[in-house]
Amino acid sequence: MKSERPGSLPDLPGSAHDRPDSAHDRPGSAHDRPGSAHDRPGRPRNPVGSHVPVAGGLSSVGLSYAREIGAETVQVFVANPRGWATPAGNARQDEEFRAACAAESVPAYVHAPYLINFGSHTEATVERSVESLRHSLRRGREIGALGVVVHTGSATGGRDRSVALKQVREHMLPLLDELTHDDDPFLLLESTAGQGSSLCSRTWDFEPYFEALDAHPKLGVCLDTCHIFAAGHDLTGPSGMHQTLDLLVETVGEGRLKLIHANDSKDVVGAHKDRHANIGAGHIGEDPFRALMTHPATEGVPLIIETPGGKEGHAADVERLKKLREAC
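This text gives an overview of the structure that appears in the document. Because the structure is predicted, anything quoted here is derived from the model rather than measured. Per chain, the residues get numbers from 1 upward, laid out in the order the sequence is written. Whole-chain, interface and lining totals are the exception, using all residues; otherwise, since this is a predicted model, local features are given only for residues with pLDDT of at least 70 and side-chain atom pairs are given and counted only at 80 or more. Where side-chain values are given, they derive from all heavy atoms of the structure, hydrogens and water being excluded.

### Structural notes on the overall build of the protein chain
Turning to step 1, where the next piece is worked out: Helix and strand labels come from DSSP, where a helix needs a run of H or I of at least four residues and a strand needs a run of E of at least two; each type is numbered from the N terminus. A tally of regular secondary structure across the protein chain gives 9 helices and 10 strands.
Turning to step 2, where the next piece is worked out: By the convention used here, residues are in contact when the closest approach between their heavy atoms is within 4.5 Å. Counting contacts in the protein chain only where the partners sit at least 6 residues apart, residues at least 24 apart contribute 79% of the total.
Turning to step 3, where the next piece is worked out: Only the protein chains shown count as covering a residue, and every accessible area follows the Shrake-Rupley method with a 1.4 Å probe. Element-wise, carbon and sulfur atoms account for 50% of the exposed surface of the protein chain, whose accessible area totals about 13200 Å².

Here it is as structure tokens:
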């Protein structure tokens, strides 16, 4: 498969190859964190859950919704996903959420706001992106989240991708270096569907992104099945999903895949459109999701749905994925 990969970007100045405090010199790897979703006994191979609404209470609303749809793992927003506000949390709700997730062995994740773009040519956007992501990481720790998902962004203003990645290094790497507590979440990079000047959409695009960030030990991947399909990886057929996961592991290494956004696609492979469909109702179909849960790289990795249909649709998709898991 390696022959199919286009050449990666040249080494960035101060990259992992020559930075004295790079990931190669740090003890531990990105999958060594105690108490991660991979480490707890008695949990299904792949916990299945959903992004849940939290307006009105992180615990009282979010976890109630999760229980009603049968979720074994959850993802939440801790700020307006389409704004720059960085609200303080509710200490009581935070503690209740953290305690309940721990007691019920429910891995929790935070999705950072959509506006974040470290590759932007606009200085104000980059500055706001830093503060927004720092807020999501801090709030993630406060609620006991294992990871914070952030979109990889795009090179705006007609600039070369390598220029944008140097900017990613300058502003995102310091945030990773701030994650010094044992209970700090991982930062999980989520590739996009390949629209516009995307910095990361195909599996091999993670290579220069990881290089820019010194393959930091707190760095991981959130793989969105709709995005990677829309970007051009055909997940269908007898080996499509496994080949794509093989490419991902080849690119970022074992143990870096920390979360999966399990979404079907309303559009065909390579359409570069981010339109999620319910599991089995789109162009990916059910079989690739079953195959997903048999690949070694997905052992212990939670699946989060972000599909349409509200509570009823979410409950149906969670149940469908659980049945596919049982059939493996």
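### Points about the packing of helix H3 (residues 123–143) against helix H4 (residues 161–177)
Turning to step 1, where the next piece is worked out: Here an angle of 0 to 180 degrees is reported between the N-to-C directions of two axes, which are lines fitted to C-alpha atoms, with helices fitted over the stretch in contact. Two elements in contact, H3 and H4, have axes whose closest approach is 10 Å; the angle formed by their N-to-C orientations is 25 degrees. Compared by their axis directions, H3 and H4 come out roughly parallel. As H3 runs across H4, the sense of the crossing is right-handed. Where H3 abuts H4, its residues Val 126, Val 130, Leu 133, Arg 134 and Leu 137 lie against Gln 167, His 171, Met 172 and Leu 175. With respect to orientation, any angle under 35 degrees is reported as roughly parallel, any angle over 145 as roughly antiparallel, any angle of 65 to 115 as roughly perpendicular, and every other angle as oblique. Here a crossing is taken to be left-handed if its near helix is turned anticlockwise relative to the far helix by less than a right angle, and right-handed if that turn runs clockwise.

### Quick word on the sheet that holds strand S4 (residues 147–151)
Turning to step 1, where the next piece is worked out: DSSP calls a pair of strands paired once it identifies at least 2 bridges connecting them. Judged by pairing direction, the barrel is parallel, and its 8 strands sit side by side in the order S1-S2-S3-S4-S5-S6-S7-S10 before closing back on the first. Strand-to-strand, the axes of this sheet are offset by a mean angle of 30 degrees, without reference to chain direction.

### Some remarks on the packing of aromatic side chains
Turning to step 1, where the next piece is worked out: Pairs were defined over the aromatic rings of Phe, Tyr and Trp, the Trp ring being its six-membered one, requiring ring centres within 6.5 Å. Orientation was assigned from the angle between planes: stacked under 30 degrees, edge-to-face over 60, tilted for the rest. In total, this model carries 1 aromatic pair according to the counting rule given.
Turning to step 2, where the next piece is worked out: The cationic tip of Lys 218 hangs over the ring face of Phe 186; the distance from NZ or CZ to the ring centre is 4.3 Å.
Turning to step 3, where the next piece is worked out: Whether a charge sits over a ring depends on NZ of Lys or CZ of Arg being within 6 Å of the ring centre and within 35 degrees of the ring normal. The ring of Phe 186 has Lys 258 sitting right over it, with the charged end atom 4.5 Å from the ring centre.

### Structural notes on the environment of Ala 102
Turning to step 1, where the next piece is worked out: Tracing the backbone through its elements, the reader meets Ala 102 in helix H2 (residues 91–103).
Turning to step 2, where the next piece is worked out: Each C-alpha atom of the pair Ala 102 and Gly 144 lies 8.3 Å from the other, and the pair is 42 residues apart in sequence.

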